[in-house]
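Listed here are the chains, written in short residue letters.
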Amino acid sequence: HTVVIGYGTKGKTAIAAMLSDDTPPGDIVVVDTDRGALDRAASAGLVTVQGDATKSDVLRLAGAQHAASIIVAASRDDTAALVTRTAR
């Protein structure tokens, strides 16, 4: 599966590209703190995890340790850097 951190403009664009390459929606896990964004992701058939992706327990819940890839699409650069460090 693929974990996508953030379901804003960047995250949605990355997911649209994966879906157009025939990735099943159930193989994509979206992590975000925004419940509304996660509701939209879930209605598109994506798996969702609500929480702060800078926290290792949230990434673990999303299955990041077993993911084929992790896409960091956070809206802030400092958040993206911290998520990347945590994921490693």
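Residues numbered from 1 in each chain as written. Predicted model: local features only at pLDDT ≥ 70, side-chain atom pairs only at ≥ 80, totals over all residues. Heavy atoms only, no water.

Another aspect to go through is the overall build of the protein. Check the secondary structure of the protein and you find four helices and four strands. For the protein, the N- to C-terminal ordering of α and β elements is β-α-β-α-β-α-β-α. Over its C-alpha atoms the protein spans a radius of gyration of 12 Å, differing by no more than 12% from the 12 Å that the globule rule assigns to 88 residues. Projecting the C-alpha coordinates of the protein onto the three principal axes gives extents of approximately 30 × 25 × 20 Å. Out of the 88 residues belonging to the protein, those deemed buried represent 38%. Taking the intrachain contacts of the protein between residues at least 6 apart in sequence as the baseline, contacts between residues at least 24 apart amount to 53%. Accessible area of the protein: about 5,000 Å², with a carbon and sulfur share of 50%. Of note, the protein has its 9 positive side-chain charges centred 7 Å away from the centre of its 10 negative side-chain charges. (Helix = DSSP H or I, 4+ residues; strand = E, 2+ residues; numbered from the N terminus. Rg over C-alpha atoms; globule rule 2.2 N^0.38 Å. Buried < 20%, exposed > 50% of the residue type's maximum accessible area, 1.4 Å probe, protein only. Contact = heavy atoms within 4.5 Å. Areas by Shrake-Rupley, 256 points an atom, 1.4 Å probe, with all protein chains shown as cover. Lys, Arg positive; Asp, Glu negative; His and termini not counted. Charge placed at Lys NZ, Arg CZ, Asp CG, Glu CD.)

With that settled, consider the pairing of strand E1 (residues 2-5). Side chains Thr2 and Val4 project from E1 onto one buried face, and the interleaved Val3 and Ile5 project onto a second face that is buried too. The pairing of E1 with strand E2 (residues 28-32) spans four bridges and is parallel. Looking across to E2, one finds that Val4 is bridged to Val30. Note that the unit made of E1, helix H1 (residues 9-20) and E2 has a crossover that is right-handed. Of the strand pairs in this sheet, E1 and strand E4 (residues 69-72) are connected by four bridges, and their pairing is parallel. Directly across from Ile5, in E4, lies its bridge partner Val72. (Pairing = 2+ DSSP bridges. Right-handed = clockwise from strand over helix to strand, strands pointing away.)

Buried together is how nonpolar side chains tend to be arranged in soluble globular proteins. The biggest cluster of nonpolar side chains holds 12 residues, and these are Val3, Ile5, Val29, Val31, Val49, Ala53, Val58, Leu59, Ala62, Ala64, Ala67 and Val83. Where this core is concerned, the elements lending two or more residues are E1, E2 and helix H3 (56-61). Sequence-distant contacts of Ala64, defined by excluding residues within four places in its chain, comprise Val3, Leu59 and Ile70. If you look at the next biggest cluster of nonpolar residues, it comprises 10 residues, including Ile15, Met18, Val30 and Leu46. (Core = buried A, V, L, I, M, F, W, Y, C linked by side-chain atoms within 4.5 Å.)

The residue Asp22 is not glycine, and still its phi comes out positive at about 70 degrees. Structurally, the position occupied by Asp22 is in the loop between H1 and E2.

What follows concerns the side chain of Thr2. Residue placement: Thr2 occurs in strand E1. In this structure Thr2 comes out as buried when scored by relative accessible area, which is 10%. Each residue touching Thr2, except ones within four places of it in the same chain, is listed here: Met18, Asp27, Ile28, Val29, Ser69 and Ile71.

Everything listed here is a matter of coordinates, which is why it stays silent on function.
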